[in-house]
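# Overview (structure and organization)
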Amino acid sequence: MGKNLAKKIIEKHLVDGSLEPGQEISIKIDQTLTQDTTGTMAYLQFEALGFPRVKTKRSVAYVDHNILQTGFENADDHRYIQTVASKYGIYFSRPGNGICHQVHLERFSIPGQTLLGSDSHTPTNGGMGMLAIGAGGLDVAVAMGGGAYYLPMPQVVNVQLVGKLSPWVTAKDIILELLRKLSVKGGVGKIFEYTGEGVAQLSVPERATITNMGAELGATTSIFPSDKTTYEFLKAQGRENDWQELMADEDALYDEYVTIDLSTLEPLVACPHSPDNVKRAKDLEHLKVNQVCIGSCTNSSYADLMKVAAILKGKNIPPDVSLVIAPGSKQVLTMLSKNGALTDLINAGARILECGCGPCIGMGQAPATDAVSLRTFNRNYQGRSGTKSAQVYLCSPEVAAVSALTGTITDPRKYEAVQVNMPGEFFTNDNMIVPPAEPGKAGDVILGPNIKPFPQNKPLPASVSGEVLLTMEDNITTDHIMPSPATLLPLRSNIPALSYHCLTPIDPDLPKRAREKQGGFLVAGENYGQGSSREHAALVPLYLGVKGVIALSFARIHMANLINSGILPLTFSNPDDYQKLKLGDQIVISNLPDQIMKGSAITALNKTQGYEMSLKLELSPRLKKILLSGGLLAYTKANL
Ligand code: MIC
Ligand code: SF4
């Protein structure tokens, strides 16, 4: 039987394990990327592990999130990352050069290679035929040192794209349709592999829009074949030598199949406060918009912004709409500037931001109270924009641009569609990418006063006990666990300072209670920890003494981050126990190491209510050992 593309790449990189869905495998990592808000921790951990230099084919450190320098903190982080990168063999993409995923796609992506990134949208580069996976910083640090990356072998889902997109219907609508169908937890434990006649209609950046938002499905990653279109993109970047043809065998087998008929799709919009709350733009046409934001790693490519410029050319943004545009990269911005499209954007009244994440991570441009903000981004969790009462909607650049002109959400199909061709040659100038120093030739690594040591766990004790500190619902995001507005992002290198804000969007008293009770347990519903890869969502609870999270289910990256921090990720054997557990209940788990090593069932006592609860810890022997050691850092050091 033939093989699918994901399996072919995994097989080529397999270090250990068999490709049975659910079984733990480990793969060799060719490339890594970090960004600044997760990067400082990743490099502190890399240094703590004592590796002399990276062993990957290519590692890149980006600065793209924390680029608003309202104090010394972010600038200090940038300097630390630049100096550490130089010393250990890592390329440094300077602030202003663009969003990690967009720049990586343009300048570093290579079909068939593996990429591990400390950002949940690392699968963006799956649009180039890479096996690109998001992970916590510590996993990336280990991979930089040459260690394999461990993951449960995902199921591979074949998404067949048939038919043809109608005018004004875009790649964004394809992934919004999948989110509508499958929900934010529909992709957990899965790789989405795209095939079918629809693939050839999509450019590489359009494919990247789709693989980017596979993260919102909870997927391990998403991938497109590397074909003629991929070759043309690489050639236009002056990198045709990086190309190879890659695709699934004709008789390839998959674990699941989904078909999307492109001809039936319409312009779609994800409504507050979840990317899977998808409706037709047509059905939202009455809604007035106050702010329109265009950019993010999902939709800030050259063609995206050229379409926006073509729509806005010669027109005016109404006085009650604020339009902000953050180009994805210096390459994109330079090309818009050279061909005059930037003038069209500015002339229409757009506010042009620096190339970076910007409003997507709440780094500025927070909307007004109760405002409706229409964005081309990938996440619309409540409060992420910086304004809790704001209503954030997600859509394509085309819908965003037309709506910015009309002042209400608008189905653009009543207008004549704009056509933008991919350039035969991209303008390239890598002067904002600093190569590392030769071995032994780097200057000192410079730390700033806001960069504090990260917490480290101890080996697991014989028994753990503590109170239930908080009970939560389904789909809690890492933005709830460790909120990241512009005021808190500069504290990403300072876990003690961040600890005062842990889970405060759900309960402002949680940090105080956790301190008073000296830690305890968190209780949650399904898909706990969805969203970002920030390991701060595990390191901060660790700092506050959290010993375990008991949930109905976990999101992939967050569960790995909990284990890496030595925090127990427990699930309920009997879902009714989730309802029974109450705030303040005293939980005791005795003989813990024995229970863990014996199997997957863990018995816990609810001392307050006087009953025994059966919990599950379904982990590979290696993950169990990591927990027993007190986390991945201690485990890796002991096994180096
Ligand atoms: C995000 O989009 O949520 C982020 C900010 O890029 C995060 C990383 C972080 O929290 O630093 C992600 O997606 O992993
Ligand atoms: Fe940056 Fe937003 Fe992409 Fe995260 S999702 S990497 S914040 S642009």
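For the structure given in this document, a descriptive report is provided here. Treat the numbers as computed from the prediction; the structure is a model and nothing was measured. (Residues numbered from 1 in each chain as written. Chains lettered and ligands numbered in written order. Predicted model: local features only at pLDDT ≥ 70, side-chain atom pairs only at ≥ 80, totals over all residues. Heavy atoms only, no water.)

Helix and strand counts for the chain come out as 21 helices and 27 strands. Relative to the compact-globule value of 26 Å for 640 residues, the chain shows a C-alpha radius of gyration of 24 Å, a close match. Expressed along its principal axes, the backbone C-alpha trace of the chain runs to roughly 70 × 55 × 55 Å. Buried positions account for 62% of the 640 residues belonging to the chain. Residue pairs at least 24 apart in sequence account for 77% of intrachain contacts in the chain once pairs closer than 6 positions are excluded. (Helix = DSSP H or I, 4+ residues; strand = E, 2+ residues; numbered from the N terminus. Rg over C-alpha atoms; globule rule 2.2 N^0.38 Å. Buried < 20%, exposed > 50% of the residue type's maximum accessible area, 1.4 Å probe, protein only. Contact = heavy atoms within 4.5 Å.)

Per the counting criterion, the structure on display carries seven cavities of 30 Å³ or more. A volume near 230 Å³ is recorded for the largest cavity. The wall of the largest cavity is formed by 23 residues, among which Gln35, His65, Asp119, Arg379 and Arg384 lie closest to the centre. The residue inventory of the lining of the largest cavity, partitioned by class, reads six nonpolar, 12 polar and five charged. By volume, the second largest cavity amounts to about 150 Å³. Lining the second largest cavity are 18 residues, and of these Ala215, Gly218, Gly531, Ala555 and Ile557 lie nearest its centre. A breakdown of the residues in the lining of the second largest cavity according to their chemical character gives seven nonpolar, nine polar and two charged. (1 Å grid on protein atoms, 1.4 Å probe; cavity = no way out; pocket = protein on both sides within 12 Å on 5 of 7 lines; lining within 4 Å. Points joined across faces, edges and corners; volume = space filled by probe spheres on them. Nonpolar A, V, L, I, M, F, W, Y, C, P; charged D, E, K, R; others polar.)

Turning to the packing of aromatic side chains, a few remarks are in order. Using the criterion set out here, one finds 10 aromatic pairs in the structure. Between Tyr231 and Trp243, the aromatic rings sit 5.2 Å apart at their centres with planes inclined by 70°, giving edge-to-face as the arrangement. One end of the pair, Tyr231, is in helix H8 (residues 228-236); the other, Trp243, is in the loop between H8 and strand S12 (256-261), and 12 residues separate them in sequence. The class of Tyr231 is partly exposed, set by a relative accessible area of 26%. Linked through ring pairs, Phe46, Phe51 and Tyr88 together constitute an aromatic cluster. (Phe/Tyr/Trp six-rings, centres within 6.5 Å; stacked < 30°, edge-to-face > 60°.)

Moving on: the sheet that holds strand S22 (residues 520-524). In space, the seven strands of this closed barrel follow the order S21-S22-S23-S24-S27-S26-S25, with mixed pairing throughout. Each neighbouring strand pair of the sheet contributes to a mean axis angle of 40°, computed without reference to strand direction. Sheet topology places S22 next to strand S23 (residues 546-551); five bridges connect them, and they run parallel. By the bridge assignment for S23, Val523 is matched with Ile550. (Pairing = 2+ DSSP bridges. Axes fitted to C-alpha atoms, helices over the stretch in contact; angles between N-to-C directions.)

Attention now moves to the site of ligand 1. In the neighbourhood of ligand 1, 14 residues make up the surrounding shell, with Thr37, Asp119, Ser120, Ser533 and Arg534 lying closest. Surface burial for ligand 1 is 97%, taken as the share of its 340 Å² of free accessible area covered by protein chains. Put simply, ligand 1 lies in the largest cavity. Looking at the shell around ligand 1 residue by residue, the classes come out as one nonpolar, eight polar and five charged. (Near = heavy atom within 4 Å. Areas by Shrake-Rupley, 256 points an atom, 1.4 Å probe, with all protein chains shown as cover. Sits in = over half its atoms within 2 Å of the grid points.)

Moving on, we get to the site of ligand 2. Every residue lining ligand 2 is accounted for by His65, His101, Asp119, His121, Ser296, Cys297, Cys357, Cys360, Ile361, Asn378 and Arg384. In the shell around ligand 2, the residues fall into four nonpolar, five polar and two charged.

Moving on, we get to the nonpolar core. Counting 104 residues, the largest nonpolar core has Ile27, Leu522, Tyr528, Leu568, Leu581 and Ile589 as its most contacted members. The element best represented in this core is helix H5 (residues 137-144), accounting for six residues. The residues touching Tyr528, leaving out its near neighbours within four places in the chain, are Met472, Ile476, Ile481, Leu522, Val549, Ala551, Ser553, Phe554, Ala555 and His558. In terms of nonpolar packing, the next biggest core, distinct from the first, is built from 58 residues, Cys271, Ile317, Ala350 and Val420 among them. (Core = buried A, V, L, I, M, F, W, Y, C linked by side-chain atoms within 4.5 Å.)

Our focus in this paragraph is helix H20 (residues 621-629). When H20 is considered as a whole, its buried residues turn out to be Arg622, Leu623, Lys624, Ile626 and Leu627. Here the buried face of H20 lies against strand S2 (24-27), strand S8 (149-152), helix H17 (556-564), strand S24 (568-572), helix H19 (592-598) and helix H21 (632-639). One or two steps after H20, the chain reaches Gly630, where phi turns positive at roughly 95°.

What follows covers the pattern of salt bridges. Enumeration over the complete set of coordinates arrives at 27 salt bridges. Two residues, Lys57 and Asp30, come together in a salt bridge whose shortest N-O distance is 3.4 Å. One end of the pair, Lys57, is in the loop between helix H2 (36-49) and strand S4 (58-62); the other, Asp30, is in the loop between S2 and strand S3 (31-34), with 27 residues separating them in the sequence. Looking at Lys57, the relative accessible area reads 57%, which means it is exposed. (Salt bridge = Lys/Arg side-chain N within 4 Å of Asp/Glu carboxyl O.)

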